[in-house]
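Residue-level structural notes
Residue strings, one per chain:
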Amino acid sequence: MTRADLMRLFEAARWAPSAGNSQPWRFVYAIAQTPDFDAFLDLLDPGNREWCVRAGALLLVTARTVSEQGRPLPSHAFDTGAAWMSLALQGAAMGLVVHAMGGFDSGRAHERCQVPQDHAVLCMVAVGHPGRSEDLPDRLRAREAPTPRQPMGDRVFEGRFPEG
């Protein structure tokens, strides 16, 4: 994973839409085989850590929760989600694997990465070139398939939520 490739991902995220052009997203990253990478890896839950050891980079995704004028930014997570998706789509276009994770210690991440108090820590992301499934332990190899999606009828409603 090169720094130039990561900057292409962050450039895609930079152009995501946001309410009032607030652009609340912030990314902190560590590239594999650098001093920060092991510290980022240590923030992950054991199950995530096991397969992220081969990642090219780990990212911490945060969002500023208040404006520079001190007003709440109620759409900070929504806007940062748009930035994360832009980053993920750019990664896919580049032939990279981009995988967001909620399984990490957000409190330690806040402290370790010196995230300001007015920022929410939202997720971590592993980025890298596709690996060989044969290199994974058997139990992880079995999970290397697309996950099913819920039926659209359970998620999309015209006019109002259904009763019940």
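Reference entry: report on the structure contained in this document. (Residues numbered from 1 in each chain as written. Predicted model: local features only at pLDDT ≥ 70, side-chain atom pairs only at ≥ 80, totals over all residues. Heavy atoms only, no water.)

1. Some words on the overall build of the chain
Scanning the chain for helices and strands turns up six helices and four strands. In sequence order, the secondary structure elements of the chain are arranged as α-β-α-α-β-α-β-α-β-α. Seen through its principal axes, the chain has C-alpha atoms that stretch 45 × 40 × 30 Å. Of all 164 residues assigned to the chain, the portion counted as buried reaches 37%. Long-range pairs, those at least 24 residues apart, make up 70% of the contacts in the chain with a sequence separation of at least 6. As displayed, the chain has an accessible area near 10,400 Å², and 53% of this comes from carbon and sulfur atoms. Treating the 17 positive side-chain charges of the chain as one cloud and the 19 negative ones as another, the clouds have centres 2 Å apart. (Helix = DSSP H or I, 4+ residues; strand = E, 2+ residues; numbered from the N terminus. Buried < 20%, exposed > 50% of the residue type's maximum accessible area, 1.4 Å probe, protein only. Contact = heavy atoms within 4.5 Å. Areas by Shrake-Rupley, 256 points an atom, 1.4 Å probe, with all protein chains shown as cover. Lys, Arg positive; Asp, Glu negative; His and termini not counted. Charge placed at Lys NZ, Arg CZ, Asp CG, Glu CD.)

2. Digging into the nonpolar core
Phe27 and Leu87 are the most contacted members of the largest nonpolar core, which has 20 residues in total. Counting only elements with at least two residues in this core, the list comes to helix 1 (3–14), strand 1 (25–31), strand 2 (57–64), helix 4 (76–93) and strand 4 (119–128). If you tally residues by element for this core, the top one is helix 1, at four residues. Residues contacting phenylalanine 27, with those up to four places away along its chain left out, are Phe10, Ala13, Leu60, Val61, Ala83 and Leu87. By size, the runner-up hydrophobic cluster in this structure holds 18 residues, among which are Cys52, Leu60, Val121 and Ala126. (Core = buried A, V, L, I, M, F, W, Y, C linked by side-chain atoms within 4.5 Å.)

3. Quick look at the layout of surface pockets
For the largest pocket, the calculated volume is near 730 Å³. Trp51, Val97, His99, Leu136 and Glu144 are the residues nearest the centre of the largest pocket, which is lined by 23 residues in total. Sorting the residues of the lining of the largest pocket by element identifies helix 3 (46–52), strand 3 (97–101) and strand 4 as the ones contributing at least two each. Counting residues per element, the lining of the largest pocket draws most heavily on strand 4, which supplies three residues. Grouping the constituent residues of the lining of the largest pocket by class yields ten nonpolar, seven polar and six charged. (1 Å grid on protein atoms, 1.4 Å probe; cavity = no way out; pocket = protein on both sides within 12 Å on 5 of 7 lines; lining within 4 Å. Points joined across faces, edges and corners; volume = space filled by probe spheres on them. Nonpolar A, V, L, I, M, F, W, Y, C, P; charged D, E, K, R; others polar.)

4. Some remarks on the pattern of salt bridges
What the rule picks out here adds up to five salt bridges. Where aspartate 36 meets arginine 112, a salt bridge forms, and the shortest distance between an N and an O atom there is 2.5 Å. Highlighted residues: aspartate 36 in helix 2 (residues 35–43) and arginine 112 in helix 5 (residues 106–112), separated in sequence by 76 residues. Residue classification places arginine 112 among the partly exposed residues on the basis of a relative accessible area of 31%. When the shortest N-O distance is used, the salt bridge between aspartate 118 and arginine 64 registers 3.8 Å. On the criterion of sequence distance, the pair formed by aspartate 118 in the loop between helix 5 and strand 4 and arginine 64 in strand 2 is long-range, its members being 54 residues apart. (Salt bridge = Lys/Arg side-chain N within 4 Å of Asp/Glu carboxyl O.)

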